[in-house]
Amino acid sequence: MLMKKIFCVIIALLMLVSFASCSGGGEETTSDVSDNTATVPTVSLVSEKTAVAPGEEVKVTLKVAQAPLTACFDILVFADDSLEFSDVKTCPSELILAANKEEKAGEEYVILRGMVAATYDVADDDMCVITYKVKDDVPAGTKISLTLQVPTYQLGFDESGNDIYNVDCTLQGLVLEVQ
């Protein structure tokens, strides 16, 4: 019995040593770089049409551009009460993307989370398509706003993604008008 315990301790120590050697010796660090001169990522919402009718379905595409060495991000999309959320689908990408509807403090939004093992250059990519339905009782002339928040957008200093930093993004929302 004592021999089994000694053997288990030795195996556990060997596993710890092997895991430590797999880490590549570099630790991931995160810092805020406010004076960075690199290109600022642009996050935008676009739609094929901005004139909509009550009861109509509208598809809104969330795009990210000018984001070299992207490591990860969280992007929130908020829509006026005149829209009802129907669906969200992520677009094919080298990034691992997850999108869904969430609610916090009575406020509904769509959240898109993206990450990659190292980094990925986002040139001008569609990230997800959100489908909304304009509520039936919205009067003509109503302007419907969709806004963005990006609590986290991180870029890498190089392709490895071992060292990353937080950046602010340029945000371009969308306004629809009910006809």
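Up top is the structure these notes are about.
Scoring rules and cut-offs
- Residues numbered from 1 in each chain as written.
- Predicted model: local features only at pLDDT ≥ 70, side-chain atom pairs only at ≥ 80, totals over all residues.
- Heavy atoms only, no water.
- Helix = DSSP H or I, 4+ residues; strand = E, 2+ residues; numbered from the N terminus.
- Buried < 20%, exposed > 50% of the residue type's maximum accessible area, 1.4 Å probe, protein only.
- Contact = heavy atoms within 4.5 Å.
- Areas by Shrake-Rupley, 256 points an atom, 1.4 Å probe, with all protein chains shown as cover.
- Salt bridge = Lys/Arg side-chain N within 4 Å of Asp/Glu carboxyl O.
- Core = buried A, V, L, I, M, F, W, Y, C linked by side-chain atoms within 4.5 Å.
- Polar contact = N/O pair within 3.5 Å; in protein donor to acceptor, adjacent residues only side chain to side chain.
- Pairing = 2+ DSSP bridges.

A. Highlighting the overall build of the chain. Summing up its helical and strand segments, the chain has one helix and 11 strands in all. When the helices and strands of the chain are placed in sequence order, the string is α-β-β-β-β-β-β-β-β-β-β-β. Burial status across the chain gives 34% buried among its 179 residues. Looking at the chain alone, contacts between residues at least 24 apart form 77% of all its contacts between residues at least 6 apart. Here the chain has roughly 10,700 Å² of accessible surface; of this, 54% comes from carbon and sulfur atoms.

B. Representation of the pattern of salt bridges within the structure. Evaluation of the coordinates by the stated rule reveals nine salt bridges. The salt bridge involving E102 is made with R113; its shortest N-O contact spans 3.4 Å. Here E102, found in strand β6 (residues 96–104), pairs with R113, found in strand β7 (residues 107–134); they are 11 residues apart in sequence, far enough to count as distant. Looking at E102, the relative accessible area reads 24%, which means it is partly exposed. The partner of K143 in a salt bridge is E177, with the nearest N and O atoms 3.2 Å apart. On the criterion of sequence distance, the pair formed by K143 in strand β8 (residues 143–156) and E177 in strand β11 (residues 174–178) is long-range, its members being 34 residues apart. Using a relative accessible area of 53% as the deciding quantity, one classes K143 as exposed. Looking at E177, the relative accessible area reads 31%, which means it is partly exposed. Members of the salt-bridge network, linked through shared partners, are K63, D124 and D126.

C. Summary view of the nonpolar core. In terms of nonpolar packing, the biggest core is built from 36 residues, with L62, V64, V77, M127, Y132, L146 and Y153 touching the most fellow members. Elements with a contribution of two residues or more to this core: β2 (42–46), β4 (57–79), β5 (83–90), β7, β8 and β11. Looking at this core element by element, the count peaks at nine residues for β7. With sequence-adjacent residues up to four places away left out, V77 is seen in contact with L45, L62, Y109, V110, I130, Y132, L146, T147 and L148.

D. Expanded view of the side chain of K63. Residue placement: K63 occurs in strand β4. What makes K63 buried here is its relative accessible area of 18%. At 2.6 Å, the side chain of K63 forms a polar contact with the side chain of D126. Each residue touching K63, except ones within four places of it in the same chain, is listed here: T42, V43, S44, V46, D124, D125 and D126.

E. Quick look at the pairing of β8. For β4 and β8, the ladder comprises eight bridges, and the chain directions are antiparallel. Residue pairing for β8: A79 is matched across the bridge by L146. Where β8 and β11 come together, four bridges link them in antiparallel fashion. Considered in β11, the bridge of I144 is made with L176. Between the end of β8 and the start of strand β9 (residues 163–166), which pair antiparallel, lie six residues, with G161 showing a positive phi angle near 75°.

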